[in-house]
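Chain by chain, the residues:
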Amino acid sequence: MPELPEVETTKRGIEPFLVGATIAGVVVRNKHLRWPAQVPQALAGQPITRVGRRAKYILITTPIGTLIVHLGMSGSLRLVDAQAPVKTHDHIDLQLSSGHCLRYNDPRRFGSFHFHTSDPAEHWLLTDLGPEPLSNNFSGEHLFQQSRRRRIAVKSHIMDSKIVVGVGNIYAAEALFSAGIRPTVQACRVTRVGYDRLASQISRILARAIQVGGTTLRDFVGSDGQPGYFRQSLNVYGRAGEPCRVCASLLKGMVLGQRSTVYCPKCQKTSGWR
DNA sequence: CCCGATTCCTGTAGGC
DNA sequence: TGCCTACAGGAATCGG
């Protein structure tokens, strides 16, 4: 499931093929995504000037506007040959003048395509987002200050895209484990020191996951169709009932905020210090 | 304002 | 072997 590392992996994979290329044609086989897909035919003939990312959105910019693409839970953007046979759930193609084709496949259709004619940062999907976890705007102090009145679980706090973007269920669980913080602790009870440690673990883990092409659990493939290899580095996610890799205690699984959560009852005792 | 629950969707795993 | 159900989850939105 694409979280920030998977989206960044996709962005890096497609960028060299898109920037400088011209869109030769647009094919929308199924526009019934999370929202009706906005992919104007007017994109045909437009050069792609920039490929970017904000949170889990991939931004594909042309002189007439920017496509804002979200991969949802099961979406992928792959570069295929223009003649590649269409498979099931191949919903949208951007045909390129180079003979390549940027193909969007999404079995569960939780993804989305929006088109915005001015600065994408001003699109309603992006205006209320928190800082990028790999930027200088992100810190333990930020997490701490934003948490003072929040009684929700700290895991829900760091998964809130208004607080910080790109931290999904997998990486939230992993960062809390590495920081030694129990996911269920109220956000307002985590200490400043705890948030410092949590912020640095979030950044470190996301950066490492990007280095190995993200995490492939089931669906995710990068733009070249290759899986990511961070799965073997997971310490808690998907390991409920198995022994902790640090202390051998049995990892505990539970549901928190409608999300499956796994933690080590021994390594994750505190809400701050260790 | 705050926060938990609900909603979208389909492939897969588990139970019988 | 095959059917049926539960579950996975990003994030907007709803309801209390």
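All values derive from a computational prediction rather than experimental measurement.

Each value, and the rule that gives it
Residues numbered from 1 in each chain as written. Chains lettered and ligands numbered in written order. Predicted model: local features only at pLDDT ≥ 70, side-chain atom pairs only at ≥ 80, totals over all residues. Heavy atoms only, no water. Axes fitted to C-alpha atoms, helices over the stretch in contact; angles between N-to-C directions. Helix = DSSP H or I, 4+ residues; strand = E, 2+ residues; numbered from the N terminus. Parallel < 35°, antiparallel > 145°, perpendicular 65-115°, else oblique. Left-handed = near helix turned anticlockwise from the far one by under 90°. Contact = heavy atoms within 4.5 Å. Nonpolar A, V, L, I, M, F, W, Y, C, P; charged D, E, K, R; others polar. Expected span 1.5 Å × (residues − 1). Buried < 20%, exposed > 50% of the residue type's maximum accessible area, 1.4 Å probe, protein only. 1 Å grid on protein atoms, 1.4 Å probe; cavity = no way out; pocket = protein on both sides within 12 Å on 5 of 7 lines; lining within 4 Å. Points joined across faces, edges and corners; volume = space filled by probe spheres on them. Domains from an automatic or database assignment. Near = heavy atom within 4 Å. Polar contact = N/O pair within 3.5 Å; in protein donor to acceptor, adjacent residues only side chain to side chain. Core = buried A, V, L, I, M, F, W, Y, C linked by side-chain atoms within 4.5 Å.

A. Seen up close, the packing of helix H1 (residues 4–18) against helix H5 (residues 192–211). Running from amino to carboxyl end, H1 crosses H5 at an angle of 40°, the nearest separation of the two axes being 9 Å. When the axes of H1 and H5 are compared, the pair comes out oblique. Between H1 and H5 the crossing geometry is right-handed. Residues Leu4, Pro5, Glu8, Thr9 and Arg12 of H1 form the contact with H5, whose participating residues are Leu206, Ala209 and Ile210. The class makeup of the residues in the contact of H1 with H5 is five nonpolar, one polar and two charged.

B. Quick peek at H1. With 15 residues, H1 extends 20 Å between its outermost C-alpha atoms, agreeing within 8% with the 21 Å of an ideal straight helix rising 1.5 Å per residue. Regarding H1, the residues found buried are Leu4, Pro5, Glu6, Val7, Glu8, Thr9, Thr10, Lys11, Ile14 and Leu18. The first or second residue beyond H1 is glycine 20, which carries a positive phi of 95°.

C. Representation of the layout of surface pockets. By volume, the largest pocket is sized at about 1000 Å³. In terms of lining residues, the largest pocket is bounded by 30 residues, among which Arg34, Lys56, His70, Met159 and Arg259 are the most central. For the lining of the largest pocket, the residue count by class is 16 nonpolar, seven polar and seven charged. Viewed by domain, the lining of the largest pocket spans two of them, domain 1 (4–122) and domain 2 (140–263), each represented by three or more residues.

D. Fine view of the protein's contact with DNA strand B. Around DNA strand B sit eleven residues, and of these His89, Pro107, Arg109, Arg151 and Gln258 come closest. Protein-adjacent atoms of DNA strand B, using a 4 Å cutoff, are sugar or phosphate at a proportion of 67%. For DNA strand B, a sugar or linking oxygen lies 3.4 Å from a polar atom in the backbone of arginine 108. Arginine 150 places a polar side-chain atom, nitrogen or oxygen, 3.2 Å from a phosphate oxygen of DNA strand B. For the surface near DNA strand B, a count of residues per class yields three nonpolar, two polar and six charged.

E. Spatial organisation of the protein's contact with DNA strand C. As a matter of local geometry, DNA strand C sits amid 15 residues, with Arg34, His70, Met73, Tyr237 and Arg259 nearest to it. Each atom of DNA strand C within 4 Å of the protein was classed as base or backbone; sugar and phosphate made up 57%. Within the side chain of tyrosine 237, one N or O atom sits 2.4 Å away from a phosphate oxygen of DNA strand C. Considered class by class, the residues forming the surface near DNA strand C number seven nonpolar, three polar and five charged.

F. The nonpolar core, seen in detail. In this structure, Leu143, Val154, Ile158, Leu198 and Ile202 are the most contacted members of the largest nonpolar core, which totals 27 residues. When contributions to this core are tallied by element, the ones reaching two or more residues are helix H3 (154–158), helix H4 (169–179) and H5. Counting residues per element, this core draws most heavily on H5, which supplies seven residues. Not counting the four nearest positions on each side in its chain, valine 154 is found in contact with Leu176, Ile181, Arg182, Pro183, Val185, Gln186, Ala187, Val190, Tyr195 and Leu198. Within the second largest apolar cluster, 25 residues are counted, among which are Leu43, Ile60, Leu94 and Phe115.

G. Broad picture of the domain arrangement of chain A. Each domain of chain A was delimited in the assignment, giving domain 1 (4–122) and domain 2 (140–263). Each of domain 1 and domain 2 was reduced to a C-alpha centroid, and the two centroids are 28 Å apart.

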